[in-house]
Amino acid sequence: MGAEELVTLADIQAAQKLLSGIVRVTPLDESPPLAARLGGPVYLKCENKQRTGSFKIRGAYTRIARLSEADRARGVVAASAGNHAQGVALAAQLLGIKSTVFMPTTAALPKIAATKGYGASVRLRGLTVDDALVAASRFAADTGAILVHPFNHPDIVAGQGTTGLEILEACPEVATIVVATGGGGLLSGIAAAVKAISPHVRVVGVQAEGAAAFPDSLAAGQPVALAAMTTIADGIAVGRPGEVTLAHVRDLVDDVVTVSDEDITRALLLLLERSKAGCRAGRRGGGGSADGRAAPFHPTGGRGALRRQHRPVVAASGHRARHGRGRSLPLLHGPVRRPARLARRAAHAGRRRRRERPRRLTPAC
Ligand SMILES: Cc1ncc(COP(=O)(O)O)c(C=O)c1O
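Since the structure is predicted, the reported quantities are computational estimates derived from the model, not experimental observations.

Observations regarding the overall build of the protein chain
Okay, step 1: Scanning the protein chain from N- to C-terminus turns up 13 helices and twelve strands.
Okay, step 2: Relative to its 365 residues, the protein chain shows a buried fraction of 57%.
Okay, step 3: In the protein chain, of all internal contacts separated by at least 6 residues, the share reaching a separation of at least 24 is 75%.

Given below as structure tokens:
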């Protein structure tokens with residue numbers, strides 16, 4: 001399969017069969033705090049409840065299980081800040097294959113420990129995933145180990161795409177799916193699955209604005225590397241999309257938007273606080289943004305209203321925002337800047353023509 005060839009529904013359904021009994025079908029939980037702000041149902045795809053704590057096991061297992069016997073004997077190598085590392089390590093362990101994982105020196109200690117715990121040989125190299133990827137590619141060239149790329153491979157995209165099938169199975173009436181995006185494997189897979197079954201569903205990628213490689217790459221029509229990256233969302237800090245994922249995002253994804261670290265942090269705190277508080281579904285006052293401030297948003301009508309029949313889903317990915325070296329905070333969903341505004345705009349994007357160049361979201365208030 002060439003970089004321009006897109007993963008098909010049949011590929012993703014085959015991956016789903018392969019993954020049956022290996023990965024969990026994670027819950028799609030309704031989020032009352034977000035629903036209250038949007039005036040319509042919002043669901044979180046809880047991949048934080050997936051084995052290894054993220055969706056990454058889906059792609060990693062699909063890729064490794066499809067290796068020939070000869071390639072399996074060579075072992076696998078990967079580069080990751082943590083989630084793909086754990087996915088590859090567990091998949092390799094389940095399949096009885098030797099794995100080596102390169103992680104940046106900035107990787108969170110619990111992720112390093114977990115990766116080792118799944119049996120991988122861990123090597124710390126560079127400051128970013130891109131640095132670790134260079135080291136992993138060199139290791140593959142030197143030793144013959146098979147590189148399990150974190151996103152830029154059709155089998156990875158097919159595996160991640162099984163998340164999209166599960167979302168559609170659990171919520172066939174979904175109108176918009178919002179996906180945390182780094183290299184774009186999850187976004188590509190979900191878009192490939194969802195657009196094949198329900199082409200009217202909006203699929204929107206969300207990148208941290210300090211590490212958003214897709215906007216420029218989409219505009220240029222080829223992967224463009226970022227000169228620098230700064231974001232607390234270490235799991236999605238990828239400086240350059242792949243050819244495979246760029247082709248999927250270009251052809252299948254409706255929009256890619258960016259969010260600030262400040263808003264990622266606010267959204268994280270909102271979900272942590274409100275989930276813990278067992279928030280009820282009712283609204284408080286006239287609505288609010290993710291940080292609790294009043295927002296010019298009306299649930300059932302008025303300018304910018306989210307129609308009730310629109311059912312946005314935030315695709316969860318078990319992300320962990322780094323909070324100082326070695327410490328991490330669980331982020332139960334992908335990064336969302338003022339979720340009300342993001343989901344509202346994403347839902348309304350369906351009535352606009354797809355833009356060539358992704359647009360930057362601006363603060364609601
Ligand atoms: C928790 C989480 N969410 C989203 C992503 C983005 O995945 P992708 O690189 O496939 O876009 C990652 C990548 O590691 C991740 O760990």
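Observations regarding the sheet that holds strand β6 (residues 146–147)
Okay, step 1: Spatial strand order, β5-β4-β3-β6: four strands in an open sheet with parallel pairing. The sheet is open, and its two borders are formed by β5 (121–124) and β6, each paired with just one other strand.
Okay, step 2: Lying over the sheet, helix α5 (residues 83–95) contacts β3 (76–79) and β4 (99–103), oriented at roughly 175° with respect to β4.
Okay, step 3: Set on the sheet, helix α7 (residues 129–143) makes contact with β3, β4 and β6; between it and β3 the angle comes to about 160°.

Looking at unusual backbone geometry
Where the residue is not glycine, phi is negative for most of them; where a peptide bond is considered, it is trans in most cases.
Okay, step 1: The phi dihedral of Thr52 is positive, around 70°, even though this residue is not glycine.
Okay, step 2: Turning to its location among the elements, Thr52 is positioned in the loop between β2 (43–45) and α3 (56–65).
Okay, step 3: In this structure Thr52 comes out as buried when scored by C-beta crowding, with 25 C-beta atoms within 10 Å.

Regarding the packing of helix α9 (residues 185–197) against helix α11 (residues 243–252)
Okay, step 1: Packing of α9 against α11 leaves a shortest axis separation of 9 Å and a crossing angle of 45°. As judged from the angle between their axes, α9 and α11 are oblique. The element α9 and its partner α11 pack so that their crossing is left-handed. On the side of α9, the interface is formed by Gly185, Leu187, Ser188, Ala191, Ala192 and Lys195, while α11 contributes Thr245, His248, Val249 and Leu252.
Okay, step 2: Broken down by class, the residue content of the contact of α9 with α11 amounts to five nonpolar, four polar and one charged.

Regarding the pairing of strand β7 (residues 176–180)
Okay, step 1: Within β7, five of the five residues are buried, leaving the element largely enclosed by the surrounding structure.
Okay, step 2: Of the two faces of β7, the one lined by Thr176, Val178 and Ala180 and the one lined by Ile177 and Val179 are each fully buried.
Okay, step 3: For β7 and strand β8 (residues 202–208), the ladder comprises five bridges, and the chain directions are parallel. For Ala180, the partnering residue across the bridge sits in β8 and is Val206.

Structural notes on the packing of α3 against α5
Okay, step 1: Relative to each other, α3 and α5 sit at 45°, their axes nearing to 8 Å. Judged by the inter-axis angle, α3 sits oblique to α5. Note that α3 runs across α5; the crossing there is right-handed. Of the residues in α5, those touching α3 at Lys56, Ile57, Gly59, Ala60, Tyr61, Ile64 and Ala65 are Asn83, His84, Gln86, Gly87, Val88, Leu90, Ala91, Ala92 and Leu95.
Okay, step 2: Considered class by class, the residues forming the contact of α3 with α5 number ten nonpolar, five polar and one charged.

What about the nonpolar core?
Okay, step 1: Ranked by size, the top nonpolar core spans 88 residues in total, and within it Val76, Val88, Val179 and Val203 carry the most contacts.
Okay, step 2: Here the element with the most residues in this core is α9; it accounts for eight residues.
Okay, step 3: Taken domain by domain, this core gets at least three of its residues from each of domain 1 (9–54 + 156–349) and domain 2 (56–147).
Okay, step 4: Counting residues in hydrophobic clusters, the runner-up holds seven residues, among them Ala35, Ala36, Val42 and Tyr43.

Quick notes on the confidence of the model for the protein chain
For any part of a model where pLDDT is low, the fine detail of the predicted coordinates should not be relied upon.
Okay, step 1: Taken as a whole, the protein chain shows an average pLDDT of 80; of its residues, 74% reach a score of 70 or greater.
Okay, step 2: Predicted confidence is poor over residues 318–339, with pLDDT under 50, and the contacts of this stretch with residues over four places away or in other chains come to 83 contacts.
Okay, step 3: Between residues 342–365, whose pLDDT stays under 50, and residues either more than four places distant or in other chains, the model counts 57 contacts.

As for the pairing of β5
Okay, step 1: Examined bridge by bridge, β4 and β5 share four bridges and lie parallel to one another. Residue pairing across strands places Met103 opposite Leu124, the latter belonging to β5.
Okay, step 2: Regarding topology, helix α6 (residues 109–117) serves as the crossover connection from β4 to the parallel β5, and that connection is right-handed.

Concerning α6
Okay, step 1: Those residues of α6 that sit buried are Lys111, Ile112 and Thr115. An end-on view of α6 places all buried positions within 100° of arc, on one side of the element. Facing away from the buried surface of α6 by more than 90 degrees, the exposed residues are Leu109 and Ala113.
Okay, step 2: Close packing links the buried residues of α6 with α5, β4 and β5.
Okay, step 3: Just downstream of α6 lies Gly119, where phi reads positive at about 100°.

Parameters at a glance
- Residues numbered from 1 in each chain as written.
- Predicted model: local features only at pLDDT ≥ 70, side-chain atom pairs only at ≥ 80, totals over all residues.
- Helix = DSSP H or I, 4+ residues; strand = E, 2+ residues; numbered from the N terminus.
- Buried ≥ 20, exposed ≤ 12 C-beta atoms within 10 Å, placed from the backbone.
- Contact = placed C-beta atoms within 7 Å.
- Pairing = 2+ DSSP bridges.
- Axes fitted to C-alpha atoms, helices over the stretch in contact; angles between N-to-C directions.
- Parallel < 35°, antiparallel > 145°, perpendicular 65-115°, else oblique.
- Left-handed = near helix turned anticlockwise from the far one by under 90°.
- Nonpolar A, V, L, I, M, F, W, Y, C, P; charged D, E, K, R; others polar.
- Core = buried A, V, L, I, M, F, W, Y, C linked by C-beta atoms within 7 Å.
- Domains from an automatic or database assignment.
- pLDDT = per-residue confidence, 0-100.
- Right-handed = clockwise from strand over helix to strand, strands pointing away.
- Arc of directions from axis to C-beta.

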